[in-house]
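Breakdown of the fold
Listed below, chain by chain, are the residues.
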Amino acid sequence: MAKITLDNLAHSYLPKPVTEDDFALKELNLDWSDGEAYALLGASGCGKSTLLNIISGLLHPSQGRILFDDKDMTMAPTTQRNIAQVFQFPVVYDTMTVRDNLAFPLRNRGADPAYIQTRVQQIAAMIGMEDTLNRKARGLTADAKQKISLGRGMVREDVNALLFDEPLTVIDPHMKWELRTQLKSLHHEFGHTMIYVTHDQTEALTFADKVVVMYDGRVVQMGTPQELFETPEHTFVGYFIGSPGMNLMDADVKGDKAVIGGVEIALGKGFGTPTGKVELGVRPEFTSLQAGDSGLPVTIKRVEDVGRHKIVRTDFQGTEINVIAPEGGEISPDMNRIVFDTAGVNVYSDSWRVAPKVA
Amino acid sequence: MNKTVNQKAWFLILPVLVLVAFSAVIPLMTVVNYSVQDTFGNNQFFWAGLEWFEEMLASERMWDALGRQIVFSLIILAIEIPLGIFVALNMPKKGFWASLCLVLMSLPLLIPWNVVGTIWQIFGRVDIGLLGHTLAALGIDYNYTQDSTAAWITVIVMDVWHWTSLVALLAYAGLQSIPDAYYQAAKIDQASRWKVFRFIELPKIMGVLMIAILLRFMDSFMIYTEPFVVTGGGPGNATTFLSIDLVKMALGQFDLGPAAAFSIMYYLVILLVSYVFYTVMTNLDKRDGH
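Residues numbered from 1 in each chain as written. Chains lettered and ligands numbered in written order. Predicted model: local features only at pLDDT ≥ 70, side-chain atom pairs only at ≥ 80, totals over all residues.

**Let's talk about the overall build of chain B**
Quick note on the threshold: Put simply, DSSP H or I for four residues or longer makes a helix, DSSP E for two residues or longer makes a strand, and each gets a number counted from the N terminus. With C-beta atoms placed from the backbone, a residue is labelled by how many other C-beta atoms lie within 10 Å of its own: buried for 20 or more, exposed for 12 or fewer, partly exposed between the two. The contact rule is simple: place each C-beta atom from the backbone, and if two of them lie within 7 Å, those residues are in contact.
In terms of regular secondary structure, chain B is built from 12 helices and two strands. Looking at chain B as a whole, 27% of its 290 residues are labelled buried. Summarising the internal contacts of chain B: among those between residues at least 6 apart in sequence, 70% fall at separations of at least 24.

Structure, rendered in structure tokens:
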């Protein structure tokens, strides 16, 4: 087990990268604390897998260093890093039995046969495949094969980190839930550092202590689910996390006032005078509808009742603003004003969050 | 859904039927016809029953040729299959060098068979051939026209040169279809190079390998042109394989009856081996699907 530090790391698949666009992974500095569970969240093609493969040593970065407990491992081969990784699509050794598949990483490292025997039994119980241990892996379902892959990833107890590259894509929804819970309890039990790549926010938020959000080759925020929810550092985080995502409106911000489409609203905190493209970001959860004269005038387009609450889609001068209204509340046609809870208002300048000034 | 029944559709297969009849069925039946009759010329034929078959089965000459043929095919397989896999494993995976390798590898396959024979016939000559002359200059006693071992080695090396590419290309195609994740997982699992080959690569190329073995076995079992050009079946009968012997019998000695009986048995052997291969291959597929 180890702390993993990424120092000025960047990667390009081109031999001679020139502009920033040539980099699949833009320069980043990141610390992965020992024993924490991380989720690496982002849309497809944002560099998640690249980052993962650099950590496991399947890929060597174009620049920067990787440290394991302050020891430089940048050019160290995968075997020296002692890392387990599970891939998106199941990788099983077809000609081996399930048992041999699970034992493979241990045997290759010359573990004691008696230990292998008990450990494989444990893992088989964990992934629910004790009955099929002596079967050939060939011809098992994709579900079962992926469980074997997961099992092979977890079979070694002394790994520095466990990396998962969207491992549950091919698994049935109900099994997904079960396996994710098992991974989580496994994490509590053994305290491995885990990095879990996914593009599914629910998966990320339920699995991880800390979520790392990536966008276009950059790490835009690393934080607890709560931090991601309350103070998204980048408009992408606001938009990507939450259902529906954060409302973004072009605004002029001066001190503790903002003007949106000619309407002035109070922000409750001072933000100075941010420059560039200034936007106001408010989650639907901090937005409410009311009748009267104060607030932004909107027209209601649609109300979606999702059971727990209602999502109201409204239109403000061509910009869609979503509101989450409580399930019991009545929504009447005269409720055509929107107000924001100032606690949930964030200001963005060129997509990055502007910290409020302490008065 | 109602299926339309139109018996006229049978006419659509008529062209193929005619083609196959002229290219395969009629010639084969002619051979069958010859194999059960005797002739003294003048297009006069006499019923001979199974006499020719009995004669051929008792003929030492045929059994010798069959023995040589089997030994030849086994040696060819034992060299070309592992060598082809080895070459495929060491070929570049992509880029310019991969394309170059593919082109170079395909070259021997594109040369007409009798040209291959001629190339090696000249290459191995002691007086003017590069190989033969060099070996002679090194003091090695090499003469494929007189020494049967030298003749065998020449014919085998020639076949290896000519056909290993085919095995390599098939194996290469099989290897290319293995997803990267398998190699990555193997690295994570700390599998040795041998284990990667044994547990990932070999199982994944098993299908194409079976086809390669079948093709190489069939072709080598029916080999005629190249050894005929190089050694003419000699010295003596040392490299007289089945088809060389067959041609000698049918066209050299004009023994139509025995030659026809011979070729039918030859044909049956090949059919039998193909059937065995086919069964093994479909069983492999079934095992995969289950």
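**Details of the packing of helix α3 (residues 60-90) of chain B against helix α7 (residues 148-176) of chain B**
All names here are of chain B. Note the threshold: To obtain an axis, a line is fitted to C-alpha atoms, over the contacting stretch when the element is a helix, and the angle between two such axes runs from 0 to 180 degrees between their N-to-C directions. The scheme is simple: roughly parallel for angles under 35 degrees, roughly antiparallel for over 145, roughly perpendicular for 65 to 115, oblique for anything else. Two helices crossing with the near one rotated counterclockwise from the far one by less than a right angle form a left-handed crossing, whereas a clockwise rotation gives a right-handed crossing. Residues are grouped as follows: nonpolar covers Ala, Val, Leu, Ile, Met, Phe, Trp, Tyr, Cys and Pro; charged covers Asp, Glu, Lys and Arg; every other residue, Gly included, is treated as polar.
At a minimum axis distance of 7 Å, the contact between α3 and α7 shows a crossing angle of 45 degrees. Considering their axes alone, α3 and α7 lie oblique with respect to each other. By crossing handedness, the relation of α3 to α7 is classed as right-handed. From α3, Ile75, Ile76, Ile79, Glu80, Ile81, Leu83, Gly84, Ile85, Val87, Ala88 and Leu89 reach across to α7, where they touch Ile156, Asp159, Val160, Trp163, Thr164, Val167, Ala168, Ala171, Tyr172 and Leu175. Among the residues forming the contact of α3 with α7, the class breakdown is 17 nonpolar, two polar and two charged.

**Some remarks on the UniProt feature "transmembrane region" (unreviewed entry) in chain B**
Residue and element names in this part refer to chain B. Put simply, the rule reads: UniProt positions are given in the numbering used here, feature names are shortened, and annotations may be inferred rather than shown by experiment.
The UniProt record annotates "transmembrane region" (unreviewed entry) at residues 12-36, 70-89, 96-123, 150-175, 196-218 and 259-278. Annotation note: span residues 96-123, helix share 93%, strand share 0%, distance between end C-alpha atoms 31 Å. Within the segment residues 196-218, helix and strand shares are 100% and 0% respectively, and the terminal C-alpha atoms sit 30 Å apart.

**Some points on the environment of Asp350(A)**
Residues and elements named next belong to chain A. With respect to the helices and strands, Asp350 occurs in the loop between β22 (345-349) and β23 (352-354). Taking the C-alpha atoms as reference points, Asp350 and Phe229, separated by 121 residues in sequence, lie 20 Å from one another. Ignoring sequence-local partners within four residues, the contact set of Asp350 consists of Gly276 and Lys277.

**With respect to helix α1 (residues 14-35) of chain B**
All names here are of chain B. The test is simple: Take the number of residues in a helix, subtract one, and multiply by 1.5 Å to get its expected span. We define the bend at each residue as the angle formed by axes fitted to the 7 residues ending at it and the 7 residues starting at it.
Spanning 22 residues, α1 covers 29 Å between terminal C-alpha atoms, matching the ideal 32 Å at 1.5 Å per step. For α1, the principal kink sits at Ala21 and spans about 50 degrees. Counting buried positions along α1 yields two of 22 residues, so the element is predominantly exposed.

**Remarks on the sheet that holds strand β16 (residues 287-290) of chain A**
All names here are of chain A. Applied cut-off: Whether two strands pair depends on DSSP finding at least two bridges between them.
One open sheet holds the three strands; their spatial order is β16-β21-β17, and the pairing between them is antiparallel. Since the sheet does not close on itself, it has two edges, and those belong to β16 and β17 (296-297), each with one partner. In this structure, β16 lies alongside strand β21 (residues 337-340), joined through four bridges in antiparallel fashion. Following the sheet pairing, Leu289 is matched in β21 by Ile338.

**Remarks on the packing of helix α3 (residues 98-108) of chain A against helix α5 (residues 142-154) of chain A**
All names here are of chain A. Contact geometry of α3 with α5 gives a least axis separation of 7 Å together with a crossing angle of 30 degrees. Classified by the angle their axes make, α3 and α5 are roughly parallel. The handedness of the crossing between α3 and α5 is right-handed. Side by side, α3 and α5 meet where Val98, Asn101, Leu102, Phe104 and Pro105 of the first sit next to Ile148, Gly151 and Arg152 of the second. Its residues assigned to classes, the contact of α3 with α5 comprises five nonpolar, two polar and one charged.

**Describing the interface of chain A and chain B**
With 21 residues of chain A in contact, the opposing surface of chain B contributes 17 residues. At the level of secondary structure, the elements contributing two or more residues to the side of chain A that touches chain B comprise α2 (78-81), β6 (83-86) and α3 of chain A. When grouped by side-chain class, the residues that make up the side of chain A that touches chain B number 10 nonpolar, seven polar and four charged.

**So, the pairing of strand β15 (residues 278-282) of chain A**
Residue and element names in this part refer to chain A. Among the five residues in β15, five count as buried, and that is most of the element. Of the two faces of β15, the one lined by Val278, Leu280 and Val282 and the one lined by Glu279 and Gly281 are each fully buried. Of the pairings in the sheet, the one linking strand β11 (residues 247-250) to β15 comprises four bridges and is antiparallel in character. Across the sheet, the residue bridging to Asp250 is Glu279, located in β15.

**As for the sheet that holds β11(A)**
Residue and element names in this part refer to chain A. Spatial strand order, β11-β15-β22-β23: four strands in an open sheet with antiparallel pairing. Edge positions in the sheet fall to β11 and β23, since each has one partner strand and no second. Ignoring strand direction, the axes of neighbouring strands in this sheet form an average angle of 40 degrees.

**Topic: the UniProt feature "domain: ABC transporter" (unreviewed entry) in chain A**
The feature "domain: ABC transporter" (unreviewed entry), as annotated in UniProt, sits at residues 4-241 of chain A in this numbering. The distance separating the terminal C-alpha atoms of residues 4-241 of chain A is 26 Å; by composition the span is 37% helix and 24% strand.

**A word on the domain arrangement of chain A**
Residues and elements named next belong to chain A. Applicable threshold: Domain start and stop positions are those given by an automatic or database domain assignment.
Assigned domains within chain A: domain 1 (4-235) and domain 2 (244-354). Between domain 1 and domain 2, the C-alpha centre-to-centre distance is 38 Å. Tallying the contact residues gives five residues for domain 1 and nine residues for domain 2. The residue inventory of the side of domain 1 that touches domain 2, partitioned by class, reads one nonpolar, three polar and one charged.

**A word on the UniProt feature "domain: ABC transmembrane type-1" (unreviewed entry) in chain B**
Summarizing the sequence annotation, UniProt attributes the feature "domain: ABC transmembrane type-1" (unreviewed entry) to residues 66-277 of chain B in the numbering used throughout. The annotated region residues 66-277 of chain B carries 78% helix and 0% strand content, and the separation between its end C-alpha atoms amounts to 20 Å.

**Describing the environment of Thr164(B)**
Residues and elements named next belong to chain B. Residue position: Thr164 is located in helix α7. When the 24 C-beta atoms within 10 Å are taken as the criterion, Thr164 is described as buried. Placed 70 residues apart in sequence, Thr164 and Gly234 show a C-alpha to C-alpha distance of 24 Å.

**Some words on the pairing of β6(A)**
Residue and element names in this part refer to chain A. Residues Ile83 and Gln85 line one face of β6 and the alternating positions Ala84 and Val86 line the opposite face, and both faces are buried. Pairing analysis gives four bridges linking β6 to strand β7 (residues 161-165), with the strands arranged parallel. Of the residues in β7, the one forming a bridge with Ala84 is Leu162.

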